[in-house]
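Structural overview
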Amino acid sequence: MYMDRTLLIVKPDATARNLIGHIINRLEKARFRIVEMRLVHLTEKEARKFYAVHEGKPFLEGLVAFMSSGTAVPMVLEKDNAVADLRTLVGATDPAKADCGTIRFEIGQNIERNSVHASDSDENAKKEIAFFFG
Ligand code: CMP
């Protein structure tokens, strides 16, 4: 049976604080199944390519520097309604505005160092999964 898939990235602020296992635990408790996962250290070029949709935004340079500053962990997650359910679990982009109980509320440091990335649509999930896993 086909299940919806989405992409999550554990960002360098979270890997630096040894929170990979914690995040995986949150995902598994919420019944996401990890179907692919890698440790990566993105180059600036790769980070810029991944976030190409934000070209021209004032925060892009900082974001590229941050995302290429350390280890990140992209993973493909499977679940019914995966994209929307993961966005709910992850919370708002700005941890200060994220709902209580969300991953970003719990461990995000600021709007840039917000611990995790989650695809925002089925279409982008497909593209982002292909970016890391071909
Ligand atoms: P993410 O879900 O990975 O999508 C784009 C990222 O850009 C976002 O999480 C934040 O890390 C970052 N971002 C978005 N808006 C801002 C902002 N106003 N200032 C700094 N970083 C931002």
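So, here is what we can say about the structure in this document. Predicted model only: the values in this text are computed from it and were never measured.

1. Quick look at helix α7 (residues 122-133)
With twelve residues, α7 extends 16 Å between its outermost C-alpha atoms, agreeing within 8% with the 16 Å of an ideal straight helix rising 1.5 Å per residue. A125, E128, I129, F132 and F133 are the residues of α7 that are buried. Looking down the long axis of α7, one finds its buried residues gathered within 105° of arc, a one-sided arrangement. Residues E123, K126 and K127 are exposed on α7 and point more than 90 degrees away from its buried face. In this structure, the buried residues of α7 make contact with β1 (5-10), β2 (33-37), α3 (44-50), β3 (73-78), α5 (82-90) and β4 (116-118).

2. Quick notes on the packing of aromatic side chains
Summed over all chains, the structure comprises five aromatic pairs. Pairing F50 with Y51 gives two aromatic rings, centres 5.0 Å apart and planes at 85°, and the pair type is edge-to-face. For F50, a relative accessible area of 10% translates into the label buried. On the basis of an interplanar angle of 45° and a centroid distance of 5.4 Å, the ring pair of F50 and F132 is categorised as tilted. With F50 in helix α3 and F132 in helix α7, the pair connects residues that are 82 residues apart, well separated along the chain. Note on accessibility: F50 and F132 belong to one class, buried. Ring pairing ties together the aromatic residues F50, Y51, F131, F132 and F133, which thus form one cluster. The positively charged end of K79 is found above the aromatic ring belonging to F32, 5.6 Å away from the centroid.

3. Some thoughts on the side chain of T6
As for its placement among the helices and strands, T6 is situated in strand β1. For T6, a relative accessible area of 0% puts it in the buried group. Other than its neighbours up to four places away in sequence, T6 contacts M75, V76, L77, A82, V83, L86, S119, A125 and I129.

4. A short note on the site of the ligand
In the vicinity of the ligand, the contacting residues are K11, Y51, H54, F59, L63, T93, R104, I111, E112, N114 and H117. Contact between the ligand and E112: an oxygen atom at 3.0 Å from a main-chain N or O atom of the residue. Contact distances for the ligand include 3.2 Å between an oxygen atom and a side-chain N or O atom of N114. Considering the ligand on its own, with 460 Å² of exposed area, one finds that the protein chains cover 80% of that surface. Its residues placed into classes, the shell around the ligand shows four nonpolar, four polar and three charged.

5. Focus: the nonpolar core
In terms of nonpolar packing, the biggest core is built from 19 residues, with L8, I23, L27, M75 and L86 touching the most fellow members. Of all the elements in the fold, those that place two or more residues in this core are β1, α2 (20-29), β3, α5, α6 (103-107) and β4. If we ignore the near neighbours within four places in the chain, the residues touching M75 are T6, L7, L8, V10, I24, L27, I34, E36, M37 and F133. Judged by nonpolar contacts, the second largest core, of 17 residues, contains L7, V40, F50 and L60.

Reading the values: rules and limits
Residues numbered from 1 in each chain as written. Predicted model: local features only at pLDDT ≥ 70, side-chain atom pairs only at ≥ 80, totals over all residues. Heavy atoms only, no water. Helix = DSSP H or I, 4+ residues; strand = E, 2+ residues; numbered from the N terminus. Expected span 1.5 Å × (residues − 1). Buried < 20%, exposed > 50% of the residue type's maximum accessible area, 1.4 Å probe, protein only. Arc of directions from axis to C-beta. Contact = heavy atoms within 4.5 Å. Phe/Tyr/Trp six-rings, centres within 6.5 Å; stacked < 30°, edge-to-face > 60°. Lys NZ or Arg CZ within 6 Å of the ring centre and 35° of its normal. Near = heavy atom within 4 Å. Polar contact = N/O pair within 3.5 Å; in protein donor to acceptor, adjacent residues only side chain to side chain. Areas by Shrake-Rupley, 256 points an atom, 1.4 Å probe, with all protein chains shown as cover. Nonpolar A, V, L, I, M, F, W, Y, C, P; charged D, E, K, R; others polar. Core = buried A, V, L, I, M, F, W, Y, C linked by side-chain atoms within 4.5 Å.

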